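Single-letter residue listing:
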Amino acid sequence: MVLGGYTGKVLRVDLTTGQCRVCPIPTEDMLTYIGGRGLAAKFLYDEVRPGTEPFSPENRLCIFTGPLTGTRIPFTAKYAVATKSPLTGGFTRSISGGYFPVELKLAGYDGLIISGRAEHPVYLWLRNEEVEIRDARSLWGLTVTETEKRIREELGSSAVRVATIGPAGEKLVRFASVMNDSFEAAARGGPGAVMGSKNLKAIAVLGRKPVPVADPGLLEETMSRAYGAIVSHPGYVSRLRAGVMETVPLVYRYNMASVRHYSAKPFSRLEAFEPRSLVERFVTEENSCFGCPHKCLKQTAVREGLWAGCATQGPKYETICMFGPNCDNDDMASIIKANEICTDYGLDTASAGNVVAFAMEFAERGLLTPEDFRGVPVGFGSGESLVHLLYSIVTRQGLGDLLAEGVLRASSALGRDARQLAMHVKGQEMGSFDPRGYPAMGLAYATSNRGACHMGPPFRLDQWWVHKKPDDAGRWATVGKARVVVDVQNLYVLLDSMLFCSFSRYGFDPDLYMTCLKAVTGWDLSWEHANELANAIYSLERSFNVREGFSAAHDTLPERFLQGDRGIPLEPMLREYYQLRGWDEKGAPKNVPSQ
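In what follows, the accompanying structure is described. These numbers were taken from a predicted model, which means no experiment stands behind them.

## So, the environment of Met441
Step number 1: Relative to the helices and strands, Met441 resides in helix α18 (residues 439–447).
Step number 2: In this structure Met441 comes out as buried when scored by relative accessible area, which is 2%.
Step number 3: Between the C-alpha atom of Met441 and that of Ile335, which follows or precedes it by 106 residues, the distance is 25 Å.
Step number 4: Those residues in contact with Met441 that lie beyond four places of it in its chain are Phe433, Pro435, Cys453, Pro457 and Pro458.

## Comments concerning the packing of aromatic side chains
Step number 1: Considering all chains together, one arrives at 27 aromatic pairs under this definition.
Step number 2: Between Phe358 and Phe362, the ring centres sit 5.8 Å apart and the planes meet at 15°, which makes this aromatic pair stacked. Placement of both Phe358 and Phe362 in helix α13 (residues 349–364) is noted, with a separation of 4 residues, approximately one turn of the helix.
Step number 3: Look at Phe362 and you get buried, because its relative accessible area is 3%.
Step number 4: Among the aromatic residues, those joined into a cluster by ring pairs are Tyr254, Tyr317, Phe433, Tyr438, Phe459, Trp464 and Trp465.
Step number 5: The residue whose ring lies beneath Arg547 is Tyr45, and the NZ or CZ to ring-centre distance is 4.1 Å.
Step number 6: The ring of Tyr538 carries the charged tip of Arg581 above its face, separated from the ring centre by 4.1 Å.

## Topic: unusual backbone geometry
Glycine aside, negative phi is the norm for most residues, and most peptide bonds take the trans geometry.
Step number 1: Look at the link from Gly314 to Pro315: it is a cis peptide, with omega at 10°.
Step number 2: Structurally, the position occupied by Pro315 is in the loop between β15 (311–313) and α11 (317–323).
Step number 3: Backbone geometry at Lys426 places phi at a positive 60°, although glycine is not the residue there.
Step number 4: Turning to its location among the elements, Lys426 is positioned in the loop between β16 (424–425) and β17 (428–429).
Step number 5: Under the relative-accessibility criterion, Lys426 is labelled buried at 10%.

## Observations concerning the sheet that holds strand β14 (residues 297–301)
The pairing of strands in a sheet comes from backbone hydrogen bonds and takes either a parallel or an antiparallel form.
Step number 1: The sheet built from 3 strands is open, its strands ordered β13-β14-β15 with antiparallel pairing. At either margin of the open sheet sits one strand with a lone partner, and together these are β13 (283–287) and β15. On average, each strand axis in the sheet is tilted by 15° relative to the strand beside it, whichever way the strands run.
Step number 2: The pairing of β13 with β14 spans 4 bridges and is antiparallel. Its bridge partner lying in β14, Glu285 is registered against Gln299.

## A word on the nonpolar core
Step number 1: One finds Leu347, Leu390 and Phe500 to be the most contacted residues of the largest nonpolar core, which totals 161 residues.
Step number 2: The biggest single contributor to this core is helix α21 (residues 481–498), with 11 residues.
Step number 3: If we skip the residues at most four places from it in the chain, Leu347 touches Ala168, Val173, Phe175, Ala176, Ser177, Cys342, Ala352, Leu390, Ile393 and Val394.
Step number 4: By size, the runner-up hydrophobic cluster in this structure holds 26 residues, among which are Val81, Leu104, Ala107 and Tyr109.

## Observations regarding α21
Step number 1: Over its 18 residues, α21 runs 26 Å from end to end, which matches the ideal 26 Å to within 8%, given 1.5 Å per residue.
Step number 2: Across the 18 residues that make up α21, a large majority, 16, are buried.
Step number 3: Once α21 ends, the next one or two residues include Leu499, with phi positive near 70°.

## Some thoughts on the packing of α18 against helix α24 (residues 570–581)
Step number 1: Running from N to C, α18 and α24 cross one another at 60°; their axes reach a closest spacing of 10 Å. With respect to α24, the axis of α18 lies oblique. Relative to α24, the crossing made by α18 is right-handed. Contacts from Pro439, Gly442, Leu443, Ala446 and Thr447 of α18 reach α24 at Leu570, Met573, Leu574 and Tyr577.
Step number 2: Tallied by class, the residues present in the contact of α18 with α24 amount to 7 nonpolar, 2 polar and no charged.

## Observations regarding helix α7 (residues 216–231)
Step number 1: Between its terminal C-alpha atoms α7 stretches 23 Å, which fits the 22 Å expected from 16 residues at 1.5 Å a residue.
Step number 2: Restricting attention to buried positions, one finds in α7 the residues Leu218, Leu219, Thr222, Met223, Ala226 and Ile230. An end-on view of α7 places all buried positions within 135° of arc, on one side of the element. The outward face of α7, more than 90 degrees from its buried face, is lined by the exposed residues Glu221 and Ser224.
Step number 3: Against α8 (235–242) and α22 (510–521) lie the buried residues of α7.

## Comments concerning the side chain of Asn59
Step number 1: Along the polypeptide, Asn59 turns up in the loop between α2 (36–47) and β3 (61–65).
Step number 2: Residue Asn59 is classed as buried on the basis of its relative accessible area of 0%.
Step number 3: For Asn59, the side chain forms a polar contact with the main-chain oxygen of Pro54, separated by 2.9 Å.
Step number 4: From its side chain, Asn59 meets the backbone oxygen of Lys84 in a polar contact 3.1 Å long.
Step number 5: Not counting residues within four places of it along the chain, the set of residues in contact with Asn59 comprises Leu44, Val48, Thr52, Glu53, Pro54, Thr83, Lys84, Ile114, Ser115, Val194 and Lys198.

## Quick notes on the environment of Arg436
Step number 1: Structurally, the position occupied by Arg436 is in the loop between β17 and α18.
Step number 2: By relative accessible area, which is 8% here, Arg436 ends up buried.
Step number 3: With 389 residues separating them along the chain, Arg436 and Glu47 place their C-alpha atoms 39 Å apart.
Step number 4: When neighbours within four sequence positions are excluded, Arg436 is seen to be in contact with Tyr262, Ser263, Ala264, Trp476, Arg560, Phe561, Arg566 and Ile568.
Step number 5: A polar contact is formed between the side chain of Arg436 and the side chain of Asp434, at a distance of 2.8 Å.

Criteria and cut-off values
- Residues numbered from 1 in each chain as written.
- Predicted model: local features only at pLDDT ≥ 70, side-chain atom pairs only at ≥ 80, totals over all residues.
- Heavy atoms only, no water.
- Helix = DSSP H or I, 4+ residues; strand = E, 2+ residues; numbered from the N terminus.
- Buried < 20%, exposed > 50% of the residue type's maximum accessible area, 1.4 Å probe, protein only.
- Contact = heavy atoms within 4.5 Å.
- Phe/Tyr/Trp six-rings, centres within 6.5 Å; stacked < 30°, edge-to-face > 60°.
- Lys NZ or Arg CZ within 6 Å of the ring centre and 35° of its normal.
- Pairing = 2+ DSSP bridges.
- Axes fitted to C-alpha atoms, helices over the stretch in contact; angles between N-to-C directions.
- Core = buried A, V, L, I, M, F, W, Y, C linked by side-chain atoms within 4.5 Å.
- Expected span 1.5 Å × (residues − 1).
- Parallel < 35°, antiparallel > 145°, perpendicular 65-115°, else oblique.
- Left-handed = near helix turned anticlockwise from the far one by under 90°.
- Nonpolar A, V, L, I, M, F, W, Y, C, P; charged D, E, K, R; others polar.
- Arc of directions from axis to C-beta.
- Polar contact = N/O pair within 3.5 Å; in protein donor to acceptor, adjacent residues only side chain to side chain.

In structure tokens:
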């Protein structure tokens, strides 16, 4: 029985007709799909017909909070957005945090489903149960921070929380993000481009409805236990000091992250990313999401040099890796500038770093000339090249217009040599982890429903990582790794559906997760049953992709990772993986949900 947490309502907005209506969410769906990612996947599967063009009015943006969002439980100020990806043509979902998701929940909604296309740019204004579609033509073309400022001025309240797209989403860059609270991003797979295709510039929310709690006494006990677990965790102090910057040197010391566009070379200049030095040189302020004791959101600024005056939040781990060693770049100031461009214009930094490195390697091989880059020298190790290429992408100028299509489409247009250099899975650019440093990561990339996915690297549940011995045989093993991959993928489905931040691993364990859920909702869900639900949700996402023509043939990696002495033997791992999932030999779930 569900007694608290959920509002039980989803707001449907049809931008073509202007109709807005509130609909109930069946209790059965809550108990099957939990919330967040699960409910978003359920509604997307049910409402988007096979073959729907991602930029058509018939595509949906499904934005859902979780059952704990809006409470004081740390790590739960999150929302999930699911849509048919303009980058892959399949299922995609992204998660973002901050304050916007809490405001959406306090306005009285578990979710928001947006369909149609407005005749001209608009934004949504939600104030509790009041819903208004407002003219946004004066906002079109503005950056993310400019848009938030203008909307708050127009609505006369600094308390309004805003999710918006920048110019990259307006120009349908296929890896454009939805930004909220200025710097937080729901990025992967191009949800910002889908939002732009609907002429929807922003969603502004102000809510004041408290979230019902099933057992206030248990919640207080659980909160005390949760904060104790967090502050006593060994990773708490380092996370406070450096945020996610602390992870960069660790992963590179294990040769598990991309260098020079996945060249398999070690990165020899790690001192440039020493966390303490980065904090001293660039960090100006520390922030956190709503109700979170981890101040992992670091405001940074460049004080001198070519990029003096630029300021942003972050960069975080993935951004540093993809704009740093992945581009053979050790200039942190240029990485901060690149991050500023991506947050202001609304761009996924993981895909952007991959696309830029792709162009750099293409140029290095003599396949592009300086004229292709309008006279700006382009090559690895150049912060100036990095910034130039990003500006060309977000404005779709010159070569940037092609790169804005993502590496799959860009490489197809450039020819065979380029296709061999495109580092993607299912059309989505790979993140920072190089699978040759840990073969199980290759299986995780290959089987991700949204294409190459850096979230949930399997080493987090792998025994060799506990002791972090680089030459441990378990690191290189392939037999039995399918179980580790399935387990970590299911874990992230649970976190993304309850909407716990992945950093909740710093202190939380299965019992604490389930106790938090019980205290707020009254739902006494066991960890075993939760994993069964997670497996079903993952299979639902897979069924969406199967419907769109994806099969086992797409569960692969770029040739670069399959050949040579360190080539990854995917086939035996895939067979074991499909069996564990309960899928057939073609990688299709056996029990396909009805639409």
